[in-house]
Amino acid sequence: MKRISVTVNGVRHEADVEPRTLLVHFLREQLELTGTNVGCDTSSCGACTVLMDGQSVKSCTVLAVQADGQEVATVEGLASNGDWHPIQKAFHENHGLQCGFCTPGMMMAAVGYLDENPSPTEGEVRLALEGNLCRCTGYHNIVKAVLAAADDMGSQGRG
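Each value, and the rule that gives it
- Residues numbered from 1 in each chain as written.
- Predicted model: local features only at pLDDT ≥ 70, side-chain atom pairs only at ≥ 80, totals over all residues.
- Heavy atoms only, no water.
- Helix = DSSP H or I, 4+ residues; strand = E, 2+ residues; numbered from the N terminus.
- Buried < 20%, exposed > 50% of the residue type's maximum accessible area, 1.4 Å probe, protein only.
- Polar contact = N/O pair within 3.5 Å; in protein donor to acceptor, adjacent residues only side chain to side chain.
- Core = buried A, V, L, I, M, F, W, Y, C linked by side-chain atoms within 4.5 Å.
- Contact = heavy atoms within 4.5 Å.
- Arc of directions from axis to C-beta.

Whenever I open this one, the environment of N117 confuses me. Can you help?
Here N117 shows up in the loop between α3 (103-116) and α4 (122-128). Overall, the relative accessible area of 18% leaves N117 in the buried class. In this structure the side chain of N117 is engaged in a polar contact, spanning 2.8 Å, whose partner is the side chain of Y113.

See below:
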């Protein structure tokens with residue numbers, strides 16, 4: 001066992017983990033943050049995407065011990081004081097989800113991308129999300145939602 005300290009959604013957690021424990025399993029099983037989904041276990045689908053120190057990562061490819069001392073953001077941490085994050089609002093308003101399985105990872109990938117590129121084109125959004133798979137929507141409304149969130153975030157200022 002290895003003792004780690006990781007800040008998840010602004011809350012510091014200390015825990016003992018097996019060195020081989022994946023971050024996705026640590027989040028889901030030890031911290032009970034089940035918004036991060038396990039899809040393929042091969043990094044192909046992106047359902048497990050979280051932000052680690054602001055960078056979009058597939059948590060099925062990261063060991064929990066690698067997150068020691070890091071800041072991790074999950075879909076549960078997007079809303080603030082009961083107010084939806086612009087990406088959550090945009091997914092809702094633009095029907096960017098159907099079954100919802102890919103949605104947490106898609107949202108986290110989008111948030112990470114919009115932090116890097118606050119004014120993307122449609123083509124840039126499609127390219128940025130190519131590592132996240134959705135079997136239901138056909139992606140059109142997801143891309144529309146990300147572009148709407150970019151507009152909303154730009155009009156609110158990024159502070």
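Having put the structure on the table, let's press on.
Explain the nonpolar core here, please?
Among soluble globular proteins, nonpolar side chains are generally buried collectively. Counting residues in hydrophobic clusters, the biggest one holds 25 residues, and the most contacted among them are L78, I87, F91, M106, L114, L129 and V146. Elements with a minimum of two residues in this core: α2 (86-93), α3 and α5 (140-156). What L78 contacts, discounting residues up to four positions off in sequence, is H85, I87, Q88, M107, M108 and V111. Residues F26, V50, A64 and V72 belong to the second largest nonpolar core, which totals 18 residues.

Just checking my understanding: could you explain helix α1 (residues 23-30) for this structure?
Helical geometry note: an α-helix holds 3.6 residues per turn, so side chains three or four residues apart project in the same direction. Listed in full, the buried residues belonging to α1 are L23, V24, F26 and L27. Viewed end-on, α1 has its buried residues packed into an arc of 170°, placing them on one side of the element. Residues of α1 that are buried sit in contact with β1 (2-8), β2 (11-17), β3 (49-52) and β5 (71-73). Phi turns positive one or two residues past the end of α1, at E32, with a value near 60°.

Would you take a moment to explain unusual backbone geometry for this structure?
Backbone geometry follows two general trends: most residues other than glycine have a negative phi, and most peptide bonds adopt the trans configuration. Of note, D53 is a non-glycine position whose phi angle comes to about 50°, a positive value. Note that D53 resides in the loop between β3 and β4 (55-58). Residue class for D53 comes out partly exposed when judged on its relative accessible area of 44%. One non-glycine residue, N81, lies in the positive phi region at around 55°. Residue N81 is classed as exposed on the basis of its relative accessible area, which comes to 77%.

I tried to follow the side chain of S5 on my own but got confused; where do I start?
Within the secondary structure layout, S5 lies in strand β1. Judged by its relative accessible area of 17%, S5 falls in the buried class. A polar contact of 2.7 Å, which involves the side chain of S5, links it to the side chain of R12. Those residues in contact with S5, other than ones at most four positions away along the chain, are R12, H13, E14, A67, D68, G69 and Q70.

Keep in mind these numbers describe shape, not what the thing actually does.
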